[in-house]
There are 2 protein chains.
Amino acid sequence: MERPGGRTARVRASVLRAAGDVLAEQGLASLDLGDLARRAEVGRTTVYRRWGTVTAVLTDLLLEMVVESVPRADTGSLDGDLRANARLVVKTLTDRRQGPLFRAIIAAATSDEVTAAALTRFYAARIREWAPCVTDAEARGEVPRGTDAEEVIRAVSAPLYYRFITGTGELDDSVADRAAAAAIAAARAGVWSSSAE
Amino acid sequence: MERPGGRTARVRASVLRAAGDVLAEQGLASLDLGDLARRAEVGRTTVYRRWGTVTAVLTDLLLEMVVESVPRADTGSLDGDLRANARLVVKTLTDRRQGPLFRAIIAAATSDEVTAAALTRFYAARIREWAPCVTDAEARGEVPRGTDAEEVIRAVSAPLYYRFITGTGELDDSVADRAAAAAIAAARAGVWSSSAE
């Protein structure tokens, strides 16, 4: 057994940081286990034994991104919570390191099923983390009963990712706020509720 | 001058079809000009002289996709038009050839600025094609005056592309219909209008 923060944990942190750096700076095509070992100052054998493939590193990186990601907001109103969510997504996608990193992982997922499955788990975890903002709002009477909380959270991120992928339009806080407002308007109109009030 | 349907047009059609096939079947990494020439049964010199790079082929393919793409619906109601739009997007993204083709082009755009710019032009053209559905609806009083038509069209596609990219949730006609309904609810609530009624 190894305690947290031990050598294995430090090796993992170094390799995942190096992988994130390479993806953000040069993209997926440059990701190579030998190069990662050199950058992370870790033995090649260790990297090959522990991960073995670039896909395994990507999957582990996405797991780490879930663990490290920001918890849901709890501002007391759905508007406050979803604006916080939308602004966090914009901040991530426009970040100098995180933006290119997400682009590279999304690209990797298009050509590899294992990475695609890990990417789906990442987003599913993020959606589950933020869904209680909607169920709390339902309890406060802010949206109809039976509103599909995960659909609302997806609806907040969707226009931001659409701009990120297609390049059609800026990504800033005012776009984030409108994404939140649009999701709330649709939720209130009962688009995602099984039983409209 | 060459008439439409002449040899140059046939060469272009063959090469672009071959490029689409390779992207859909094997992805971007397999796209190679010599291989395209062979598949298209066109001389290598012709392909190298006419396009010169894989990026140039991708850009030309996206231009062709704009030209060949389906015109806007005109059903007489915003709901009818936007459902038609959403269902067309779902049909495209779930198509056995088009789905992988879009994935490959989106991936290519993450690592190449010229392809990214061509992809943005493709989506901008599609959004402009469908935007009159919203301005017509505004004229009929279905949405507030000053509604940003392009924002509404983007909002219809966004949740469908979000599912396509993240793998969180199915893509079918009921999801398409809810995407249209959500965009309309937000538009009616004035989220994208400069002057709420």
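The structure presented is a predicted model; accordingly, all values stated were derived computationally and were not measured.

A. Spatial organisation of the overall build of chain A. Scanning chain A from terminus to terminus reveals 10 helices and zero strands. Moving toward the C terminus, one meets the helices and strands of chain A in the order α-α-α-α-α-α-α-α-α-α. A principal-axis box enclosing the C-alpha atoms of chain A has dimensions of 60 × 45 × 25 Å. Residue burial in chain A is summarised as follows: out of 197 residues, 52% are buried. In chain A, 65% of the contacts between residues at least 6 apart in sequence involve partners at least 24 apart. Carbon and sulfur atoms form 49% of the exposed surface of chain A, whose accessible area is close to 9,200 Å². Chain A carries 26 positive and 27 negative side-chain charges, and their two centres are separated by 5 Å.

B. Fine view of empty space enclosed by the protein. Applying the stated criterion across every chain yields a total of one cavity of 30 Å³ or more. Size it by volume and the largest cavity reaches roughly 350 Å³. Around the largest cavity, the lining comprises 28 residues; the ones closest to its centre are A:Ala155, A:Pro159, B:Ala155, B:Ala158 and B:Pro159. Of all the secondary-structure elements, those providing two or more residues to the lining of the largest cavity are α9 (149-166) and α10 (173-188) of chain A together with α9 (149-166) and α10 (173-188) of chain B.

C. Representation of the relation of the copies chain B and chain A within the structure. At an RMSD of 0.0 Å, chain B and chain A line up after a rotation of 180 degrees and a shift of 0.0 Å along the axis. Taken together, the rotation and translation describe the operation of a two-fold axis. Closest approach to the rotation axis within chain B is made by the C-alpha atom of B:Ala107, at a distance of 2.2 Å. The share of interface residues of chain B whose copies in chain A are also at the interface is 100%, consistent with both copies meeting through the same surface.

D. Structural context of the interface of chain B and chain A. Taken together, the 30 residues of chain B in the interface contact 30 residues of chain A. When chain B packs against chain A, close to 2,600 Å² is buried across both sides, 71% of that on carbon and sulfur atoms. Counting every contact that joins chain B to chain A gives four salt bridges. As a salt-bridge pair, A:Glu151 and B:Arg163 come within 2.9 Å of each other at their nearest N and O atoms. Summed over the shared surface of chain B and chain A, the number is eight residue pairs in polar contact (both at pLDDT 80 or more). When grouped by side-chain class, the residues that make up the side of chain B that touches chain A number 18 nonpolar, seven polar and five charged.

E. Focus on the packing of helix α6 (residues 98-111) of chain A against α9(A). All names here are of chain A. Closest axis-to-axis distance for the α6/α9 pair is 12 Å, and the angle between their directions is 80 degrees. Overall, the two elements α6 and α9 adopt an arrangement that is roughly perpendicular. Across the interface between the two elements, Gly99, Phe102, Arg103 and Ile106 from α6 touch Tyr161, Phe164 and Ile165 from α9. Split into classes, the residues belonging to the contact of α6 with α9 amount to five nonpolar, one polar and one charged.

F. Region of the structure containing the nonpolar core. Core analysis: the largest hydrophobic core is formed by 141 residues, its most contacted members being A:Leu36, A:Ile105, A:Tyr161, B:Leu36, B:Ile105 and B:Tyr161. Every residue in contact with A:Tyr161, bar those within four places of it in the chain, is listed here: A:Val89, A:Leu93, A:Phe102, A:Ile106, A:Tyr123 and B:Tyr162.

G. Representation of the layout of surface pockets. Roughly 1,000 Å³ of volume is contained in the largest pocket. A:Ala107, A:Ala109, A:Thr110, A:Ser111 and B:Ala107 are the residues nearest the centre of the largest pocket, which is lined by 44 residues in total. For the lining of the largest pocket, the elements supplying multiple residues, two or more each, are α1 (7-26), α6 and α7 (113-130) of chain A together with α1 (7-26), α5 (78-94), α6 (98-111) and α9 of chain B. Of the residues forming the lining of the largest pocket, the biggest block, eight residues, is contributed by α6(A). For the lining of the largest pocket, the residue count by class is 21 nonpolar, 15 polar and eight charged.

H. Spatial organisation of the confidence of the model for chain A. On average, residues of chain A carry a pLDDT of 94, and 96% of them reach 70 or more. For this predicted complex, the interface score ipTM comes out at 0.93, alongside a pTM of 0.93.

I. Looking closely at the side chain of A:Arg163. Relative to the helices and strands, A:Arg163 is located in helix α9. Among the residues examined, A:Arg163 registers a relative accessible area of 7% and is labelled buried. Within the local environment of A:Arg163, its side chain forms a polar contact with the backbone oxygen of A:Glu170, the two atoms lying 2.8 Å apart. Reaching out from A:Arg163, the side chain makes a polar contact with the side chain of B:Glu151 at a distance of 2.9 Å.

Cut-offs applied
- Residues numbered from 1 in each chain as written.
- Chains lettered and ligands numbered in written order.
- Predicted model: local features only at pLDDT ≥ 70, side-chain atom pairs only at ≥ 80, totals over all residues.
- Heavy atoms only, no water.
- Helix = DSSP H or I, 4+ residues; strand = E, 2+ residues; numbered from the N terminus.
- Buried < 20%, exposed > 50% of the residue type's maximum accessible area, 1.4 Å probe, protein only.
- Contact = heavy atoms within 4.5 Å.
- Areas by Shrake-Rupley, 256 points an atom, 1.4 Å probe, with all protein chains shown as cover.
- Lys, Arg positive; Asp, Glu negative; His and termini not counted.
- Charge placed at Lys NZ, Arg CZ, Asp CG, Glu CD.
- 1 Å grid on protein atoms, 1.4 Å probe; cavity = no way out; pocket = protein on both sides within 12 Å on 5 of 7 lines; lining within 4 Å.
- Points joined across faces, edges and corners; volume = space filled by probe spheres on them.
- Least-squares fit on C-alpha atoms with pLDDT ≥ 70 in both.
- Buried area = accessible area lost by both parts, 1.4 Å probe.
- Salt bridge = Lys/Arg side-chain N within 4 Å of Asp/Glu carboxyl O.
- Polar contact = N/O pair within 3.5 Å; in protein donor to acceptor, adjacent residues only side chain to side chain.
- Nonpolar A, V, L, I, M, F, W, Y, C, P; charged D, E, K, R; others polar.
- Axes fitted to C-alpha atoms, helices over the stretch in contact; angles between N-to-C directions.
- Parallel < 35°, antiparallel > 145°, perpendicular 65-115°, else oblique.
- Core = buried A, V, L, I, M, F, W, Y, C linked by side-chain atoms within 4.5 Å.
- pLDDT = per-residue confidence, 0-100.

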